[in-house]
Amino acid sequence: MTLDRRTLMGLAAGGMAGAAFGQTPPPVTGAALPAGLPQPTETIDLWPKGAPGAPVGGLTETVNERSTDPQLTDRAVFGISRPRMAVFRPSRPNGAAVLITPGGGYRWVVVDKEGYELGRWLSARGYTVFVLFYRLPGEGWSAGPNVVLQDSQRAMRLIRHRAASFGIDPERVAAMGFSAGGHACADLSARFAAPVYDAVDQADGLSARPFVAAPIYPVVSMSAPTAHSGSREKLIGTTASAALEIAHSPHLNIPANAPPHFILHAEDDDVVPVENALVLRAALCAKNIPVETHLFTHGGHGFGLRKTIGKPVEAWPDLFVTWAHLQGL
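Remember, predicted model here, so these are calculated numbers, not experimental data.

Conventions and cut-offs
- Residues numbered from 1 in each chain as written.
- Predicted model: local features only at pLDDT ≥ 70, side-chain atom pairs only at ≥ 80, totals over all residues.
- Heavy atoms only, no water.
- Helix = DSSP H or I, 4+ residues; strand = E, 2+ residues; numbered from the N terminus.
- Buried < 20%, exposed > 50% of the residue type's maximum accessible area, 1.4 Å probe, protein only.
- Contact = heavy atoms within 4.5 Å.
- Areas by Shrake-Rupley, 256 points an atom, 1.4 Å probe, with all protein chains shown as cover.
- Lys, Arg positive; Asp, Glu negative; His and termini not counted.
- Charge placed at Lys NZ, Arg CZ, Asp CG, Glu CD.
- Pairing = 2+ DSSP bridges.
- Axes fitted to C-alpha atoms, helices over the stretch in contact; angles between N-to-C directions.
- Arc of directions from axis to C-beta.
- Phe/Tyr/Trp six-rings, centres within 6.5 Å; stacked < 30°, edge-to-face > 60°.
- Lys NZ or Arg CZ within 6 Å of the ring centre and 35° of its normal.

1. Observations regarding the overall build of the protein
Per the secondary structure count, the protein includes nine helices and 11 strands. For the protein, the spread of C-alpha atoms along the three principal axes comes to 50 × 45 × 40 Å. Looking at the 329 residues of the protein, the share that counts as buried comes to 57%. By sequence separation, contacts in the protein at least 24 residues apart represent 79% of the contacts at least 6 residues apart. For the protein, the computed accessible surface area is about 12600 Å², with 54% contributed by carbon and sulfur atoms. Here the protein contributes 28 positive and 28 negative side-chain charges, whose respective centroids are spaced 4 Å apart.

2. Considerations on the sheet that holds strand S10 (residues 261-266)
Taking strand neighbours across the sheet as the criterion, the eight strands line up as S1-S4-S7-S5-S8-S9-S10-S11 in an open arrangement whose pairing is mixed. Strand pairing shows two members of the sheet lacking a second neighbour, strand S1 (42-45) and strand S11 (291-296), which therefore form its edges. Averaged over all pairs of adjacent strands, the angle between their axes in this sheet comes to 20°, without regard to strand direction. In the sheet, strand S8 (residues 173-178) pairs with strand S9 (residues 213-216) via four bridges, with the strands oriented parallel. From the neighbouring strand, Met176 faces S9, where its bridge partner is Ala214. Contacts between helix H9 (residues 316-327) and the sheet are confined to S8, S9, S10 and S11, with S10 contributing the most and set at about 165° to the helix.

3. Details of helix H6 (residues 229-236)
By the burial criterion, the buried members of H6 are Ser231, Arg232, Leu235 and Ile236. In a view along the axis of H6, the buried residues occupy a sector of 100°, so they form one face of it. The positive-phi residue at the C-terminal boundary of H6 is Gly237, with phi of around 90°.

4. Side note on the packing of aromatic side chains
Tallying each qualifying case throughout the model produces 12 aromatic pairs. Ring geometry for Tyr106 against Tyr134: centres 6.3 Å apart, planes inclined by 80°, an arrangement best described as edge-to-face. Note that Tyr106 is positioned in the loop between strand S5 (97-101) and strand S6 (109-110) and Tyr134 in the loop between strand S7 (128-133) and helix H3 (147-161), a separation of 28 residues in sequence. No difference in accessibility class separates Tyr106 from Tyr134, as the two residues are buried. The interplanar angle of 80° and the centroid separation of 5.6 Å between the aromatic rings of Phe262 and Phe320 together place this pair among those described as edge-to-face. A residue pair is termed long-range when its members are at least 10 positions apart, and Phe262 in strand S10 and Phe320 in helix H9 qualify at 58 residues. For the pair formed by Phe262 and Phe320, the shared burial category is buried. Three or more aromatic residues joined by ring pairs form one cluster here, namely Phe178, Tyr217, Phe303 and Trp316. Directly above the aromatic system of Trp108 lies the positively charged group of Arg107, at a separation of 4.2 Å from the ring centroid. Sitting over the ring of Trp47, Arg154 keeps its end group 5.6 Å from the ring centre.

Take a look at the structure:
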């Protein structure tokens, strides 16, 4: 059976409404949204008293709609001062959850192509999905390059803290990220126990370790020539020391208890070199961490779901689900 792209990316999980925790939906553009593409109806703020270390003068959240196709949205969000998770609830929860960190080169967060579209696809298969609107490291937060890790750790802990309300097993929470969001995913999987913020409530007594991790075409190394220069500049700056490069290169910080990894990359990626995936795989193997790696000859960068149709790389979401099932997710 051949699926058109709206069917592939717009499969909705029913029952996404649920309790809204008193929050408002994530930002949308003023234009009407495409019919048949369900939007999340609930969000969860990460920080009950506001995110720590706010920049002087504050930020204005901005949504840049990049799509010219009326059937698809491609929103990129920056100036995020209210980090939060947009929730996709399945009609029949399978007891597992996935925290998604979209990409955007740490310049912005690409919430549709590498967030909502995967949220719809995974929730249609039983997973409860949380798409993370994380703060950006180049926007003046006092935590600097650790600001994304603050948000991703806090998100994992909140998901576990509220697991009962979502019908999920608090242990079975995966992390998945794309491009710079793949760096966020890999960094969380390496430094889930790093003390990067002060506890704010009971949720912070829980582990931030993902059950499994799936960095997809990830930024990993912060050192030339492997580093993606744009992500490196936004995360640690152009004149960062070798020590700072090491501190924020996940493959150089793998602990003995890192979660199993699923790594995916296209060898013709002309934005983030495939060597990023390879150095991460090698580091995991050196620590005897289970890792499944898929390299595709063609695919380029930033394919998500929408740019895979008709190519071998189109199989990647099913490969992930099969692997995750074998891992016990």
